[in-house]
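Residue-level structure breakdown
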Amino acid sequence: MTTAPWRDPALPAADRVADLLSRMTLEEKTAQLYGVWVGADAEGGEVAPLQGEMSRVADWDELIAHGLGQLTRSFGTAPVDAAAGARALAAAQRRIAAAGRFGIPALAHEECLAGFTAWGATAYPVPPAWGASFDPELVEEMGRRIGADLRSVGVHQGLAPVLDVARDLRWGRVEETIGEDPYLVGTVGAAYVRGLESAGVVATLKHFAGYAGSAGARNLAPVRAGVRELADVVLPPFEHALREGGARSVMAAYTETDGVPASADPELLTALLREEWGFTGTVVADYFAVGFLRTLHRVAATKTRAAHLALAAGIDVELPTVDCYGTDLVAEVRAGDVPESLVDRAARRVLLQKCELGLLDEDFAPETETEGPVDLDPPGNRALARRLAEESVILLANPAGLLPLSPAARIAVVGPRAADPLAMLGCYSFPSHVLPHHPDVPLGIEIPTVLESLRAELPDAEVKFAEGCGVSDPDTSGFAEAVALAADADVCVAVLGDRAGLFGRGTSGEGCDVADLELPGVQAGLLDALVATGTPVVLVLLTGRPYALGRWDGQLGATVQAFFPGEEGGTAVAGVLSGRVNPSGRLPLSMPRDPGGQPWTYLQPPLGLAGEVSALDPTPLYPFGHGLSYTSFTWGEFSGTEPVEIGTDGVCDLSLTVRNTGERSGAEVVQLYLHDPVASVTRPDVRLIGYRRLELGPGEAARVSFRFHADLASFTGRSGTRIVEPGALELRLGPSSAEVRHTAHVTLTGPVRVTGPERVLRCATAVAPAG
């Protein structure tokens, strides 16, 4: 029997796909352009915007008769045992392959924002915790493990990472962002992509582009960002993840910018992404976003018009289930109202990706490698989750050295987040995302609480607990018990924060936007009452966003911030409190002083900073990059003391020696910031352009070097092109955006230079031992 060319793995993928497309009918090509969400209907609990209104129950056999592009969230919609789910997915794939003429299986995708969103899978810390670690290598290893878990059960594509740069801390999805700085988001996000892709899983960059800049911090609200904000803040992380991470998919954002929805914007999805950046993968719709062109944006009168707009813009796959790309689209193409070339273009991209994944090979088998139990939370995963959680916990303040706690202290643990396992998890963890709709199903993973973990860390301490209040309810009847407990203790540990949820069912998460940055519910009142007892209070925050703490500035014994630190977060936080863990996290998001001092991030030009022309001072209580340690470090032997001149395409090197001068091992994060005193457009006063995390033993020293390329000073000029201008610059090294330890004066000489698509994105660093 002669094998058709499209089945021949020895041929180039493009040739195989061209041969296959030439054999396919319009219906078969169109079937490759949508997913099917089996089990999602109007009766289920919503895990996507307007899911009930947009979902419909369809005949399965009818849907797969011509093939199928994607299977949506076989594991992430309802609790299912991993092994049983893998077998069910394999059976569905066999059925899909048998139904069509060509035997092509679907591409299966799942959410994996902070771990595989499946019952029983490891729940890792959320993305702000990744940013807080300033440890891309560790994040890459996490991505690799998540990818391996996905592939072990037959999943090909992960809908992560989120590369939105946080712009307004009131937005509910801040917990999904890596931080407020595009360089940090880009470098850490690219590391996650490398890990996921190295396991053979297609990483999907979200949300392209501008979603986090929605007006008033309201989910899906219009974006009113200017050209330079999009070019210099919003887009660079996506460039990092495509060029340095190798991401093979991009998800278009729900939002509109200046009146144009991203899902209908060919300038964004084709001209920029493909023609300028050279992207060759697939663009997928965010869930129901093609239909939203008709129902929410109202730029299309019919579903077929919405499909035409999305295809023309560059959306190849409609997710999560067929709505606009189905039989009506086929009819419109046959009638000549939609060019068949648009269907061919999208189908070619989809089939090329399937070819890369081996789904077009004749010997493709959907069965998983093992027929026994599947463990999605093995010890190696938990150890990695614990290490990332430990690296991400941030010690914000410890003015009198109250931490670490005395091992034999009388400790009052108070607060609504102290004894709840869900306090550790973000909105896109399976227990928070799906299990609220299945209240009788257990969590599926072990999640030690802060209270349990602190008792284990300090077995000789007397630890008593009172909840005090709920997360968001107004009831203060529990204050009295909590205050009495605190008054009778040596120290009070107040564990406050967020409850992750969806669409208003939590205080943080998708659709859980807030009016200000006051602690949720009556938690601020509880903290006031605890401070008033006179007992030293250690504030521990388990949150998805920063909250304003200026009200208690100078009144707390210590302050610890953890952004939803995952299943091992309780152990990590307790380890910091006991001293077993030396805190090394740094703020990826500025910590505001006042609840109304936002929206604000540190990337401000002069007019965005505090000044005499306004009574409002936006200066944060704790700046971007801030974090303390239980040991001390000295920075010396700086190489950049003499001014240097380089061309607008030149390079210069900086180095310094960092020494641990304390009595225990610890990690320092050396941060490099750019200050551009004069430019043709206003520039942020400082912005991060490099960093390096150093782990040093007592007395140990290391020499860290940074290679600055002039491209790192580039920005979008008045003409709309990215340029490097001649002039004076300051390269500032410090432990945060607000503290400068060393400054190098660099002058760029020569003409204004337009940078190309291959401009240098990363400040290379190196570390060597020092005497």
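Quick caveat: nothing in here was measured; it's all calculated off a predicted structure.

Another point: the nonpolar core. Counting 212 residues, the largest nonpolar core has Phe208, Tyr325 and Leu731 as its most contacted members. Once you skip the residues sitting within four places of it in the chain, Phe208 turns out to touch Leu235, Phe238, Val250, Met251, Ala252, Ala253, Ala262, Leu268, Leu269, Leu272, Leu273 and Trp277. In this structure, Leu403, Leu405, Val493 and Val538 belong to the second largest nonpolar core, which totals 37 residues.

This brings us to the packing of helix α13 (residues 303–313) against helix α15 (residues 340–356). Between α13 and α15, the least distance of the axes is 9 Å, while the angle of their chain directions is 55 degrees. Here α13 is positioned oblique relative to α15, judged by the angle of their axes. For the pair α13 and α15, the crossing hand works out as left-handed. Facing His308, Leu311, Ala312 and Ala313 of α13, the residues of α15 in contact are Leu342, Val343, Arg345 and Ala346. Looking at the contact of α13 with α15 residue by residue, the classes come out as six nonpolar, one polar and one charged.

Here the focus is the environment of Gly103. Residue placement: Gly103 occurs in the loop between α5 (82–99) and β3 (107–111). Residues Gly103 and Leu360, spaced 257 residues apart in sequence, show a C-alpha to C-alpha distance of 8.3 Å. Ignoring sequence-local partners within four residues, the contact set of Gly103 consists of Arg7 and Ala97.

The two faces of strand β25 (residues 742–749) differ: His742, Ala744, Val746 and Leu748 on one face are buried, but Thr743, His745, Thr747 and Thr749 on the other face are not. Pairing geometry for strand β17 (residues 644–647) and β25, over four bridges, is parallel. Opposite Gly647, over in β25, you have Thr749 as the bridge partner. With seven bridges joining them, strand β24 (residues 727–734) and β25 adopt antiparallel strand pairing. Bridging from a neighbouring strand, Ala728 pairs with Thr747 of β25.

All right, on to the state of the cysteines then. On inspection of all chains with the given rule, the structure shows zero disulfides. Free of any disulfide, Cys492 has its nearest cysteine sulfur in Cys469, 12 Å distant. When its relative accessible area of 0% is taken as the criterion, Cys492 is described as buried. In this model Cys763 remains outside any disulfide bridge; the closest cysteine sulfur is found in Cys652, 8.9 Å from its own.

What follows is about the pairing of strand β21 (residues 701–709). Note that strand β18 (residues 651–660) and β21 share nine bridges and pair antiparallel. Note that in β21 the partner of Leu656 across the bridge is Val704. Direction of pairing for β21 relative to strand β27 (residues 764–770): antiparallel, over a ladder of seven bridges. Within β27, the residue paired with Arg703 across the bridge is Ala768.

What follows covers the sheet that holds strand β1 (residues 35–36). Read from one edge to the other, the open sheet built from seven strands follows the order β1-β2-β3-β4-β5-β6-β9, with strand pairing classed as parallel. Each edge of the open sheet carries a strand with a single partner, namely β1 and β9 (282–285). Pairing between β1 and strand β2 (residues 70–72): two bridges, direction parallel. Residue pairing for β2: Gly35 is matched across the bridge by Gln70.

Reading the values: rules and limits
Residues numbered from 1 in each chain as written. Predicted model: local features only at pLDDT ≥ 70, side-chain atom pairs only at ≥ 80, totals over all residues. Heavy atoms only, no water. Core = buried A, V, L, I, M, F, W, Y, C linked by side-chain atoms within 4.5 Å. Buried < 20%, exposed > 50% of the residue type's maximum accessible area, 1.4 Å probe, protein only. Contact = heavy atoms within 4.5 Å. Axes fitted to C-alpha atoms, helices over the stretch in contact; angles between N-to-C directions. Helix = DSSP H or I, 4+ residues; strand = E, 2+ residues; numbered from the N terminus. Parallel < 35°, antiparallel > 145°, perpendicular 65-115°, else oblique. Left-handed = near helix turned anticlockwise from the far one by under 90°. Nonpolar A, V, L, I, M, F, W, Y, C, P; charged D, E, K, R; others polar. Pairing = 2+ DSSP bridges. Disulfide = S-S within 2.5 Å.

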